[in-house]
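Summary of structural features
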Amino acid sequence: MAVTKKTVTPAAAKEAAAKTEEIKAETKKTEASTAVKAEAVKKAVKTEAAKAEPEKKEPVKKTAVKKTAVRKTAAKKEPAKKAELKSAVHVQFEGKSYSQEDLLQIAKDVWKYDLKQKAGDLTSVELYVKPEESMVYYVMNGDHTGSFYI
């Protein structure tokens, strides 16, 4: 490959230099306008910060506070309540029938009388019914396990 040399005419060099100067001038203008905008933003931030500072006001009268408190509590009570799902569990076998409440009451009695614990100490009860054995297995408060006949 042969290397070719490009020659630049003096007119083309002047034209390129003029374009370079124009670009430099535009860059300076952009930098200056950016600096002006930055100053404007700083001033705006300072004025917003000054506005955000709380002004000292006179103490609010107690009666006004009570009225707003009443309004707030009334507003809290207004949302519609969700309809609660009602359910019932009945276990029937060999001519016997036990509801969920019956089994829970028996488990509470076991806790109180058989395990000799206070009724208020019972926080959780899990019941497992095995009708073929006529047994209910329980886990109370996560650590007391056992069973009772039904």
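Since the structure is predicted, the reported quantities are computational estimates derived from the model, not experimental observations.

Considering the environment of M140
With respect to the element layout, M140 can be found in strand β4 (residues 135-140). It is 7.7 Å that separates the C-alpha atoms of M140 and T123, two residues lying 17 residues apart in sequence. With near-sequence residues (within four places) excluded, M140 lies in contact with A107, W111, L115, L122, S124 and V125.

Considering the side chain of S99
Structurally, the position occupied by S99 is in strand β2 (residues 96-99). Ignoring any residue separated from it by four or fewer positions in sequence, one finds S99 in contact with V89 and H90.

Observations concerning the packing of aromatic side chains
If you walk through the whole model with that rule in mind, you get 2 aromatic pairs. A ring pair is formed by Y138 and F148, whose centres lie 6.1 Å apart and whose planes are at 25 degrees; its orientation type is stacked. You can see Y138 sitting in strand β4 and its partner F148 sitting in strand β5 (residues 144-149), a full 10 residues away along the chain. The exposure classification of Y138 matches that of F148, with both residues buried.

A word on the pattern of salt bridges
Applying the stated criterion across every chain yields a total of 1 salt bridge. The partner of E133 in a salt bridge is K130, and the shortest N-O contact between them spans 3.2 Å.

Considerations on the side chain of S134
The topology assignment puts S134 in the loop between β3 (125-130) and β4. Setting aside residues no more than four positions away along its own chain, S134 makes contact with F93, E94, K96, F148, Y149 and I150.

Focus: the pairing of β2
Pairing geometry for strand β1 (residues 90-93) and β2, over 4 bridges, is antiparallel. Counterpart to Q92 in the pairing with β2 is S97. In this antiparallel pair of consecutive strands, β1 and β2, the connection spans 2 residues, and E94 shows a positive phi of 45 degrees.

Overview of the confidence of the model for the protein
Overall, the prediction assigns the protein a mean pLDDT of 77, with 63% of residues at 70 or greater. Here helix α2 (residues 62-77) stands out as the element of the protein with the lowest mean pLDDT, 57, in contrast to β4, whose mean of 94 is the highest.

Concerning the sheet that holds β3
Spatially, β3-β4-β5 is the arrangement adopted by the 3 strands of the open sheet, whose pairing is antiparallel. The sheet terminates laterally at β3 and β5, the two strands that pair on one side only. Between one strand axis and the next, the sheet turns by 20 degrees as a mean value, whatever way the strands run. Of the strand pairs in this sheet, β3 and β4 are connected by 6 bridges, and their pairing is antiparallel. Across the sheet, E126 pairs through a bridge with V139, a residue of β4. Running over the sheet, helix α3 (residues 100-114) touches β3, β4 and β5 and is turned about 115 degrees from β3.

Some thoughts on α3
The end-to-end C-alpha separation of α3 is 20 Å, in line with the 21 Å expected for 15 residues at 1.5 Å each. For α3, the full list of buried residues reads L103, A107, V110 and W111. For α3, the buried positions fall inside an angular range of 95 degrees around the axis, keeping them on one side. For α3, the secondary structure elements touched by its buried residues are β1, β2, β3, β4 and β5.

Each value, and the rule that gives it
- Within every chain, residues take consecutive numbers counted from 1 along the sequence as written.
- Only residues with pLDDT of 70 or above have their local features reported here, since the model is predicted, and side-chain atom pairs are shown and tallied only from 80 upward, although totals for entire chains, interfaces and linings are computed over all residues.
- Based on all heavy atoms of the structure, the side-chain values leave hydrogens and waters out of the count.
- Where helices and strands are cited, they refer to DSSP runs of H or I of at least four residues and of E of at least two residues respectively, numbered from the N terminus.
- Note on contacts: a residue pair qualifies if any of its non-hydrogen atoms lie within 4.5 Å across the two residues.
- Two rings from Phe, Tyr or Trp (for Trp, the six-membered ring) form a pair when their centres are within 6.5 Å of each other. A pair whose planes differ by under 30 degrees is stacked, one over 60 is edge-to-face, and the rest are tilted.
- Relative accessible area decides the class of each residue, using a 1.4 Å probe on protein chains only: under 20% of the type maximum gives buried, over 50% gives exposed, and in between gives partly exposed.
- The rule for a salt bridge is simple: a side-chain nitrogen of Lys or Arg has to be within 4 Å of a carboxyl oxygen of Asp or Glu.
- Pairing between strands requires that DSSP locate at least two bridges from one strand to the other.
- Summary of the metric used: pLDDT quantifies the predictor's per-residue confidence within the range 0 to 100.
- To obtain each axis, a line is fitted to C-alpha atoms, and for helices this fit is confined to the stretch in contact; angles are then taken between N-to-C directions over 0 to 180 degrees.
- Expected span, for any helix, means 1.5 Å times one less than how many residues it has.
- In this context, the arc is that of the directions from the helix axis out to the C-beta atoms.

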